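Residues per chain, in single letters:
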Protein chains: 2
Amino acid sequence: MNYLGIGVSPGNVPVYHGDNLKVIDRRVRVTELVLRCIIFGLAILGAILIGTDKQAKVIFSIEKIAKFTDMKALVFLVIANGLAAAYSLVQVLRCILSIIRGTVLFNKPLAWAIFSGDQLMAYLTLTAVAAAAQSAVFAKLGQTELQWMKICNMYGKFCNQVGEGIASSLIVSLSMIVLSAISAFSLFRLYGNSKGKGNAI
Amino acid sequence: MNYLGIGVSPGNVPVYHGDNLKVIDRRVRVTELVLRCIIFGLAILGAILIGTDKQAKVIFSIEKIAKFTDMKALVFLVIANGLAAAYSLVQVLRCILSIIRGTVLFNKPLAWAIFSGDQLMAYLTLTAVAAAAQSAVFAKLGQTELQWMKICNMYGKFCNQVGEGIASSLIVSLSMIVLSAISAFSLFRLYGNSKGKGNAI
């Protein structure tokens, strides 16, 4: 690894000396690792909370069981969480390997792959959370104009656990959003042109 | 504006000569302008399609009117489309100004502002589309397990128009996703370090 740290930088592009760059790189890598670990843990937690959620209720002597498969949006959220957890596990291993080796990402195809994966995961998890949250709002509040009745007064425990799962998944998707910005930084700085002199638009 | 085009680039970071950079910049700016115009047009179209949607139906001699305010997700989508249209209008003017002046974005605070705005808009529009699409699925298919009946067989014309509005909004959010990648490129290449010699992680 080689930080020459000689920055030719006219205009308002700052000079990055070796030490400065090293500090930024270390911070980026540590933040990335922490976020990926958080995502891994919370995605599994979210999937388990929703996937194992079940509540039986006897209505007019007929037992009815509420389970997450009753709502397609919850199935989608469990799948999205599963994918996010698996993806994060692979990325955590890569991050640890990178920190042990002390290497920095300067490989464009790999940077593109990580950037694309992170973007895809951020949008996927956010879409899943939005759809599940919308379903949860209907379940919680109902929609009287359409005569869709609220079901959370019947299945209170079920709804609470779904709510916890959605909250966990929301943190996953917000962390993925931050990560996708980090991987965008790691990728596009490889296209840096320190020679350009700029104007303010 | 000054493209010196002298690239010092060891490892696998390619050399960008002045002409090459100019071509990339021109393509990026034209793509950005086209996308922002598409977003402006389709966001307005989506908002109008959903916002003006209304269908009256006489059920047991009582007239019932379906309108977009019956579903909070559609209200959210109309607002998101309105914000996207207003934001894009400002950005289109900035792009045109930038093309007329022939300037390139090298101002970090402005690049950060555009990056943040684009990211926010991409996630906002995608969330709104996902929530509205989930509501539309319930309206179209119902959810028999929860005794939520489908309403699109009663309000066919209303549902079709909402569907068109959601399709239009989906293109808006996909375009915003591409734009947010472009603005990430425009921002983070300012942090480029052409001096780093890289390893493959």
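Because the structure is a prediction, the values reported are computed rather than measured.

Visitor: Is there a simple way to explain the packing of aromatic side chains in this structure?
Guide: Ring pairs (aromatic) are described by centroid distance and by the angle formed between their planes. In this structure the tally under the stated criterion is 21 aromatic pairs over all chains. For the ring pair Trp112 of chain B and Phe188 of chain B, a centre distance of 5.8 Å and an interplane angle of 90 degrees mean the geometry is edge-to-face. With Trp112 of chain B in helix α3 (residues 108-141) and Phe188 of chain B in helix α4 (residues 156-188), this residue pair connects regions lying 76 residues apart in the sequence. Through pairs of rings, three or more aromatic residues link up here, namely Trp112, Phe115, Phe188 and Tyr191 of chain A together with Phe185 of chain B. Its end group placed over the ring of Tyr191 of chain A, Lys108 of chain A keeps NZ or CZ at 3.8 Å from the ring centre.

Visitor: Even after reading the chapter, I still don't get the nonpolar core, so can you show me in this structure?
Guide: Among the nonpolar cores identified, the biggest contains 50 residues, and Met176 and Phe188 of chain A together with Met176 and Phe188 of chain B are the most heavily contacted of them. Elements represented by at least two residues in this core include exactly α1 (18-51), α2 (72-101), α3 (108-141) and α4 (156-188) of chain A together with α1 (18-51), α2 (72-101), α3 and α4 of chain B. For Phe188 of chain B, the residues in contact, after removing those within four places along its chain, are Ala181, Ala184, Phe185, Phe188 and Arg189 of chain A together with Trp112 and Phe115 of chain B. If you look at the next biggest cluster of nonpolar residues, it comprises 46 residues, including Ala128 of chain A together with Leu74, Phe138 and Cys159 of chain B.

Visitor: It is not clear to me how the pairing of strand β1 (residues 54-59) of chain A should be interpreted in this structure. Could you clarify?
Guide: Residues in a regular strand point their side chains to alternate faces of the sheet. Residues and elements named next belong to chain A. The sheet contact formed by β1 and strand β2 (residues 62-67) spans six bridges and is antiparallel. Looking at β2, one finds that Lys54 is bridged to Lys67. As consecutive antiparallel partners, β1 and β2 are separated by two residues, and within that stretch Phe60 has a phi angle of approximately 50 degrees, a positive value.

Visitor: How do you make sense of the state of the cysteines when you look at a structure like this?
Guide: Here a disulfide denotes a covalent bond joining the sulfur atom of one cysteine to the sulfur atom of another. The tally for this structure, following the rule as stated, stands at two disulfides over all chains. Residue Cys152 of chain A pairs covalently with Cys159 of chain A via a disulfide, S to S 2.0 Å. Where Cys152 of chain A bonds to Cys159 of chain A through sulfur, the torsion about that S-S bond is close to -85 degrees, and the disulfide is left-handed. As far as burial versus exposure is concerned, Cys152 of chain A and Cys159 of chain A are alike and both buried. Looking at Cys37 of chain B, it has no disulfide partner, and the nearest cysteine sulfur is the one in Cys95 of chain B, 8.0 Å off. Exposure remark for Cys37 of chain B: the relative accessible area of 39% places this residue in the partly exposed category.

Definitions and limits used
Residues numbered from 1 in each chain as written. Chains lettered and ligands numbered in written order. Predicted model: local features only at pLDDT ≥ 70, side-chain atom pairs only at ≥ 80, totals over all residues. Heavy atoms only, no water. Phe/Tyr/Trp six-rings, centres within 6.5 Å; stacked < 30°, edge-to-face > 60°. Helix = DSSP H or I, 4+ residues; strand = E, 2+ residues; numbered from the N terminus. Lys NZ or Arg CZ within 6 Å of the ring centre and 35° of its normal. Core = buried A, V, L, I, M, F, W, Y, C linked by side-chain atoms within 4.5 Å. Buried < 20%, exposed > 50% of the residue type's maximum accessible area, 1.4 Å probe, protein only. Contact = heavy atoms within 4.5 Å. Pairing = 2+ DSSP bridges. Disulfide = S-S within 2.5 Å.

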